[in-house]
Amino acid sequence: MSSDPKQARIGLVGYGEVGKILAEDLRAQGVEVTAYDVKLGDDRAPPLRDHAAAHGVTLAASHADLAGRCDLIISAVTASQTVAVAEACAGALNQGSWFLDFNSASPGAKQRAAALIESAHGRYVEGAVMTSVPPYRIKVPLLLGGPHAAELAPLINALGFDAKPASDTLGVASATKMCRSIMIKGLEAMVIESFTTARAYGVEDSVIASLQETFPSIDWEKQGAYFFQRVIEHGRRRAEEVREVAETVRDAGLTPWSAQGTAERQAWVADLADVGLFGERGSKEFARSPDWRVEADRILAKVKDETKT
């Protein structure tokens, strides 16, 4: 990477919500951005191509094509693809290229990805995104890990990132993220299960009033709506992440009862979204209801229909 980070050629693997946000914020500074996503090869490609055209993002033909063009590659894909993306990019890396792994994967997966990149003479840095990206955009709090973390942090912070080196040992940053996700993704799943069940029994107002008394700093109506929105829209990705969380828990010697249940509930909501229960994915109304009851009623109606059959 150049001594001036804004002259860097940055590649984004994964052109979903996070990839698009990073692309927009980097292009707004005039930074050269190339992106690749497997969706470019199927009928999901048009919105990605439209976004790229609107923001001046170059689209690569493959992982290898992107890797050969760039000084810094940011991998922002689903957790299950963490190692596969590193492998797909490794063979075409320019010597000394940076590989920043944004994915919500277990420490073990990050270590396997790092071995692939390092064996190809790249510089691997694990990144742990510590909260939801959209409210913060490129400035989302980011922990970096690995022997190259301290060197990369000031370079990407010059581009607007908010990155802090966590450890020069790979796995520490991702372990921090995974342990946080037990709570955050678990709370999402519990809210959906609790609120929807409460709605079925007609006791949701009493339940929320009790929660408000116990945790007065949280607006449970607003938080509930937000949790429903995020899981409906991103439940598949979240389920994959929490399966990585479960692996992290197992590696610590514990049985991941909570993480396993969270992954199942997140995936269950994703299945309902995929069959159109919450409306057309990609529409302006999808996963945007300000009232969680609307979505809970859809779930309960679906469950009732299934019980009849």
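Conventions we followed
- Numbers given for residues are sequential positions, taken from 1 along each chain in its written order.
- The model is predicted, so local features are restricted to residues of pLDDT at least 70 and side-chain atom pairs to those at 80 or more, both for listing and for counting; the totals for chains, interfaces and linings are taken over all residues.
- Note that water and hydrogens are dropped before the side-chain values are worked out from all heavy atoms of the structure.
- For our purposes a nonpolar core is just a set of buried Ala, Val, Leu, Ile, Met, Phe, Trp, Tyr and Cys residues, chained together by side-chain atoms within 4.5 Å.
- Exposure classes here rest on a 1.4 Å probe applied to the protein chains alone. A residue is buried below 20% of its type maximum, exposed above 50%, and partly exposed in between.
- Helix and strand assignments come from DSSP, with helices taken as H or I runs of at least 4 residues and strands as E runs of at least 2, each series counted from the N terminus.
- In this analysis, two residues are considered to be in contact whenever any of their non-hydrogen atoms come within 4.5 Å of each other.
- Every case where a carboxyl oxygen of Asp or Glu lies within 4 Å of a side-chain nitrogen of Lys or Arg is listed as a salt bridge.
- By convention, a stacked pair of Phe, Tyr or Trp rings (six-membered ring in the case of Trp) has centres within 6.5 Å and planes under 30 degrees apart, an edge-to-face pair has planes over 60 apart, and any other such pair is tilted.
- A ring is scored as having a charge over it whenever the NZ atom of a lysine or the CZ atom of an arginine sits within 6 Å of its centre and within 35 degrees of its normal.
- Here a polar contact means two N or O atoms within 3.5 Å. Within protein one must be a hydrogen donor candidate and the other an acceptor candidate, and residues neighboring in sequence count only if both atoms are side-chain atoms.
- Any two strands with at least two DSSP bridges between them are considered paired.
- Whether a crossover is right-handed comes down to one check: with the strands pointing away from the viewer, does the path from the first strand over the helix to the second run clockwise; if it does, it is right-handed.

Caption draft 1: Structural context of the nonpolar core. One finds Ile74, Leu100, Phe102, Leu144, Ile156 and Phe161 to be the most contacted residues of the largest nonpolar core, which totals 55 residues. Element by element, the count of residues in this core is highest for helix 1 (residues 17–27), at five residues. Not counting residues within four places of it along the chain, the set of residues in contact with Phe102 comprises Val18, Leu22, Ile74, Ser75, Ala76, Gly127, Val129, Leu142 and Phe161. Phe195, Phe228, Val269 and Ala273 belong to the second-largest nonpolar core, a separate cluster that totals 18 residues.

Caption draft 2: Quick look at the pattern of salt bridges. What the rule picks out here adds up to 24 salt bridges. Two residues, Asp37 and Lys39, come together in a salt bridge whose shortest N-O distance is 3.2 Å. Residue class for Lys39 comes out partly exposed when judged on its relative accessible area of 22%. One salt bridge in this structure joins Glu221 and Arg293, with 2.7 Å as the shortest N-O distance.

Caption draft 3: Structural detail: the packing of aromatic side chains. Tallied over the entire structure, the rule returns five aromatic pairs. Plain terms: the ring middles of Phe195 and Trp292 are 5.0 Å apart, the flat faces sit at 55° to each other, and that makes the pair tilted. Note that Phe195 is positioned in helix 8 (residues 172–201) and Trp292 in helix 12 (residues 292–308), a separation of 97 residues in sequence. Its relative accessible area of 0% is what places Trp292 among the buried residues. Put simply, the rings of Phe195, Phe228 and Trp292 touch in pairs and so form one group of aromatic residues. Above the face of the Trp268 ring, Arg265 is positioned so that its terminal group lies 4.8 Å from the ring centre.

Caption draft 4: Examining the environment of Ser62 more closely. Positionally, Ser62 belongs in the loop between strand 3 (58–59) and helix 3 (63–69). Ser62 gets classed as partly exposed once you look at its relative accessible area, which sits at 27%. Between the C-alpha atom of Ser62 and that of Ser75, which follows or precedes it by 13 residues, the distance is 13 Å. Only 3.0 Å separates the side chain of Ser62 from the backbone nitrogen of Asp65, close enough to count as a polar contact.

Caption draft 5: A look at the pairing of strand 6 (residues 123–129). Counted residue by residue, strand 6 has six buried out of seven residues, so it is predominantly covered. Bridging between strand 5 (residues 98–101) and strand 6 involves four bridges; their strand directions are parallel. Within strand 6, the position partnered with Asp101 by the bridge is Glu126. The parallel pair strand 5 and strand 6 is bridged by helix 5 (residues 107–119), and the resulting crossover is right-handed. Pairing between strand 6 and strand 7 (residues 141–145): four bridges, direction antiparallel. By the bridge assignment, Glu126 is partnered in strand 7 with Gly145.

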